[in-house]
Amino acid sequence: MTALSRRQFLRLGPLGLLEAAPVKAPSARIRPPCALADEEAFVAACRRCSACIDSCPHQAIRALGPAAGTEEGTPAMQPAQNPCHWCDDFPCAQACPSGALLPTAAPPSPLARVSLDLDFCLTREGTLCSDCAYACPPGVGAITLSGGRTPELNSERCVGCGLCIDFCEARPSPFRLHTPERRSPNG
């Protein structure tokens, strides 16, 4: 989403702001864990009942608003702003009555991927910090500390939950979230 300057915000007014708000392409949306991989199938299966939203113990899932058009009411996530805690039992998927979220015995596909730029990490300044490694979900373990102090990211294990971004105190953050392209048969 593009940030608006104060001047743009005041010129647009409340109604103009709704019309001007850019909508992420459906293939760039981040859906809850265990979501059907095919975006079109996911949207068709979702009943917009909010069961997954209500069952998330960390309020990491939100319903898309009117700007999403036909996808209004479907669940989406913004892990860089409100991380997924990658719960062991995925209560969001357990609560889904429609099959848009399917709990499986195997770990679900990643929500997104994260990259790490150590040039922005506090450890480069000599600060002892292990927040990102501590925050990474135990069953995931995508972030380890090299030599007990420098974070290393295993991108193959990363699930894109956003906890490392949330816990990191460096500004700008050394972590960047990369939204995966979801499959869509029409595009």
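Since this is a predicted model, take the numbers as computed values, not measurements.

## Here's the deal with the overall build of the protein chain
- When helices and strands are counted, the protein chain shows 6 helices and 6 strands.
- Secondary structure elements of the protein chain, listed N to C terminal, follow the sequence α-α-α-β-β-α-β-α-β-β-α-β.
- Across the 187 residues that make up the protein chain, the buried fraction comes to 35%.
- Within the protein chain, residue pairs in contact and separated by at least 24 positions form 67% of the contacts whose partners lie at least 6 positions apart.
- By element, 53% of the accessible surface of the protein chain is carried by carbon and sulfur atoms, the whole surface being about 10,800 Å².

## Describing the pattern of salt bridges
- Taken as a whole and assessed by the stated rule, the structure comprises 3 salt bridges.
- Note that Arg31 and Glu39 form a salt bridge whose closest N and O atoms lie 2.6 Å from each other. Both residues of the pair, Arg31 and Glu39, belong to the buried class.
- Connected through shared salt-bridge partners, Arg29, Arg31, Glu39 and Glu71 make up one network.

## A look at unusual backbone geometry
- Cis rather than trans, the peptide bond between Arg171 and Pro172 has omega equal to 0°.
- Here Pro172 lies in the loop between α6 (163-167) and β6 (175-178).
- Not every positive phi belongs to a glycine, and Cys34 is a case in point at roughly 75°.
- Exposure remark for Cys34: the relative accessible area of 10% places this residue in the buried category.
- Phi is positive for Arg48, close to 60°, though the residue is something other than glycine.
- Position of Arg48 among the secondary structure elements: in the loop between α2 (39-45) and α3 (51-55).

## Some points on the environment of Pro110
- On the secondary structure map, Pro110 appears in the loop between α4 (91-95) and β3 (113-116).
- Considered as a pair, Pro110 and Glu156 are 46 residues apart in the sequence and their alpha carbons are 9.6 Å apart.
- If near-sequence neighbours (up to four positions away) are discounted, Pro110 is found in contact with Cys158 and Val159.

## Here's the deal with the confidence of the model for the protein chain
- Considering every residue of the protein chain, the mean pLDDT works out to 86; 82% of them sit at 70 or more.
- Confidence, read as mean pLDDT per element, is least for helix α1 (residues 6-20) in the protein chain (51) and greatest for α3 (98).
- For residues 1-5, every residue scores under 50 in pLDDT, and the model assigns this stretch 7 contacts once sequence neighbours within four places are set aside.
- In this model, residues 17-23 is a region of pLDDT below 50 whose contacts with residues beyond four sequence positions or in other chains number 10 contacts.

## Things to note about the environment of Val159
- Within the fold, Val159 resides in the loop between β5 (150-153) and α6.
- With 19 residues separating them along the chain, Val159 and Val140 place their C-alpha atoms 7.4 Å apart.
- Setting aside anything within four residues of it in sequence, one finds Val159 in contact with Trp86, Pro110, Leu111, Ala112 and Val140.

## Brief notes about the pairing of β5
- Alignment of strand β4 (residues 143-146) against β5, held across 4 bridges, turns out to be antiparallel. Each bridged residue has a counterpart across the sheet, and for Ser146 the counterpart in β5 is Thr150.
- Hairpin connection from β4 to β5: 3 residues lie between these consecutive antiparallel strands, with Gly147 at a positive phi of about 65°.

## Quick notes on the packing of aromatic side chains
- Applying the stated rule across the entire model yields 2 aromatic pairs.
- Judged by centre distance (5.2 Å) and plane angle (90°), the rings of Trp86 and Phe90 are edge-to-face.
- Residue Phe90 is classed as buried on the basis of its relative accessible area of 13%.
- On the numbers, 6.3 Å between centres and 65° between planes, the contact of Tyr134 with Phe167 is edge-to-face. With Tyr134 in helix α5 (residues 131-135) and Phe167 in helix α6, the pair connects residues that are 33 residues apart, well separated along the chain.
- The class of Tyr134 is exposed, set by a relative accessible area of 66%.

Rules behind the numbers
Residues numbered from 1 in each chain as written. Predicted model: local features only at pLDDT ≥ 70, side-chain atom pairs only at ≥ 80, totals over all residues. Heavy atoms only, no water. Helix = DSSP H or I, 4+ residues; strand = E, 2+ residues; numbered from the N terminus. Buried < 20%, exposed > 50% of the residue type's maximum accessible area, 1.4 Å probe, protein only. Contact = heavy atoms within 4.5 Å. Areas by Shrake-Rupley, 256 points an atom, 1.4 Å probe, with all protein chains shown as cover. Salt bridge = Lys/Arg side-chain N within 4 Å of Asp/Glu carboxyl O. pLDDT = per-residue confidence, 0-100. Pairing = 2+ DSSP bridges. Phe/Tyr/Trp six-rings, centres within 6.5 Å; stacked < 30°, edge-to-face > 60°.

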